[in-house]
Amino acid sequence: MIEAEGIPHTYVCCNGFAETYLPSIGDVTAVGADPPSDKITVLGDGDAKAVFVVEKDIATYTVRAVDDPRTLNKILYMRPPANIVSHNELISMWERKAGRTFQIVRIPEAGLLKLIKGTSIIDPVPRHVYGVRTWL
């Protein structure tokens, strides 16, 4: 609709907010919670990559894009290479840092689709959760 109406725009695509997902070590069933003490939920196989960007950086680049003619009518992708990790990699990094391991509860793709269709556990989570191998 925006393009069809000829409205000048810039879409900012940043994937995952670091301050939202990282405290729970990417466990979307516990977004906003502290790091889990013993158990973590992984959606899908945990190998899909996600990009984690600090909200302040997203805001900074978004504001800069407003006055940058190179971004007019384009998509601004924020994908710092060092910030691209899978859920399994994120868990592994945290386990090394904490010196302990987590019990990992895996919800396969079929189970995730079932949860999305009928329970409240995933309701607050957008359909673009990064833990699923095949994007919904």
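Everything in this summary refers to the structure shown in the same document. Nothing here was measured: the structure is a model prediction, and the numbers come from that model. (Residues numbered from 1 in each chain as written. Predicted model: local features only at pLDDT ≥ 70, side-chain atom pairs only at ≥ 80, totals over all residues. Heavy atoms only, no water.)

Focus: unusual backbone geometry
Phi angles above zero are rare outside glycine, and Asn 15 is one such case at about 70°. Residue position: Asn 15 is located in the loop between β1 (10–13) and β2 (16–17). Residue Asn 15 is classed as partly exposed on the basis of its relative accessible area of 31%. The residue Asn 73 is not glycine, and still its phi comes out positive at about 60°. As for its placement among the helices and strands, Asn 73 is situated in the loop between α2 (55–66) and β5 (74–77). For Asn 73, a relative accessible area of 43% puts it in the partly exposed group. (Helix = DSSP H or I, 4+ residues; strand = E, 2+ residues; numbered from the N terminus. Buried < 20%, exposed > 50% of the residue type's maximum accessible area, 1.4 Å probe, protein only.)

Thoughts on the side chain of Thr 71
Here Thr 71 lies in the loop between α2 and β5. Beyond its immediate stretch of four places on either side in the chain, Thr 71 contacts His 9, Thr 10 and Ala 65. (Contact = heavy atoms within 4.5 Å.)

Considering a nonpolar patch on the surface
On the surface, a nonpolar cluster with roughly 430 Å² of combined accessible area is contributed by Ile 2, Ile 7, Tyr 11, Ile 75 and Tyr 77. Within the secondary structure layout, Tyr 11 lies in strand β1. (Patch = residues over 30% accessible without salt bridge, like charges linked within 9 Å, V, L, I, M, F, W, Y side chains within 5 Å. Areas by Shrake-Rupley, 256 points an atom, 1.4 Å probe, with all protein chains shown as cover. Salt bridge = Lys/Arg side-chain N within 4 Å of Asp/Glu carboxyl O.)

Let's talk about the sheet that holds strand β4 (residues 49–53)
Strand order in the open sheet formed by three strands is β2-β4-β6, with mixed pairing between adjacent strands. The sheet terminates laterally at β2 and β6 (84–86), the two strands that pair on one side only. Both β4 and β6 contribute to a ladder of three bridges, which runs antiparallel. Bridge assignment links Lys 49 to a residue of β6, and that residue is Ser 86. (Pairing = 2+ DSSP bridges.)

Concerning the pattern of salt bridges
Counted under the stated rule, the structure contains two salt bridges. Residues Lys 49 and Glu 89 are paired through a salt bridge, measuring 2.8 Å at the closest nitrogen-oxygen approach. A residue pair is termed long-range when its members are at least 10 positions apart, and Lys 49 in strand β4 and Glu 89 in helix α3 (residues 87–98) qualify at 40 residues. Among the residues examined, Lys 49 registers a relative accessible area of 43% and is labelled partly exposed. Among the residues examined, Glu 89 registers a relative accessible area of 33% and is labelled partly exposed. Salt-bridge contacts for Arg 70 lead to Asp 68; the nearest nitrogen and oxygen are separated by 2.7 Å.

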